[in-house]
Amino acid sequence: MPLEQIESTVGSIKKMLLAGAVFAAVGYLLVGAAIFFELTAFHPLLESYFTQFPNTSLAGGSGGTRGAAVNGALAAIHKWPSTLLWLKLGGVAHILVGIFLALAGIVRALSIMPHRLGYEMERAQE
């Protein structure tokens, strides 16, 4: 394998590892954002709902008719789980893509090691 091809492969491996790191970083940011939103927005929303309306379940059932305040609080609560799920699943997917790209880069690096070692041995003998 010529030196130019080896160096080109090494350059593409570095790009793969960088892309994998970017995907993993975005994944960790998405998962972190999901945890942050869950702890700072969703849980306080639940606590205030159960404090204000202790006789009403999250499913919306109660002993009597519901008012606009209960419906508004339920709508606010019911929009959060899908957002949190999207952030968590998107984050995990990005992390897995980052790991895959890093592993593919490692496999490519291992596949060119014999050629690079042969080049270095030839250069050392000269």
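Quick note: structure is the one above.
Residues numbered from 1 in each chain as written. Predicted model: local features only at pLDDT ≥ 70, side-chain atom pairs only at ≥ 80, totals over all residues. Heavy atoms only, no water.

## Some points on the packing of aromatic side chains
Aromatic ring pairs are described here by two measures, namely the spacing of the ring centres and the angle between the planes. What the rule picks out here adds up to 4 aromatic pairs. Ring geometry for Tyr49 versus Phe50: centroids 5.5 Å apart, planes at 70°, classification edge-to-face. Judged by its relative accessible area of 1%, Tyr49 is buried. Among the residues examined, Phe50 registers a relative accessible area of 41% and is labelled partly exposed. Linked through ring pairs, Phe36, Phe37 and Trp80 together constitute an aromatic cluster. (Phe/Tyr/Trp six-rings, centres within 6.5 Å; stacked < 30°, edge-to-face > 60°. Buried < 20%, exposed > 50% of the residue type's maximum accessible area, 1.4 Å probe, protein only.)

## Quick notes on the environment of Pro114
For Pro114, the location among the structural elements is in helix H2 (residues 68-125). Owing to a relative accessible area of 53%, Pro114 belongs among the exposed residues under this scheme. (Helix = DSSP H or I, 4+ residues; strand = E, 2+ residues; numbered from the N terminus.)

## Structural notes on the pattern of salt bridges
The final tally for this structure, using the stated rule, is 2 salt bridges. When the shortest N-O distance is used, the salt bridge between Glu38 and Lys88 registers 2.8 Å. In this pair, Glu38 sits in helix H1 (residues 3-52) while Lys88 sits in helix H2, placing the two residues 50 residues apart along the sequence. When its relative accessible area of 31% is taken as the criterion, Lys88 is described as partly exposed. Linking Glu120 and Arg123 is a salt bridge whose minimum nitrogen-to-oxygen distance equals 3.4 Å. (Salt bridge = Lys/Arg side-chain N within 4 Å of Asp/Glu carboxyl O.)

Purely spatial values, then, with no claim about function.
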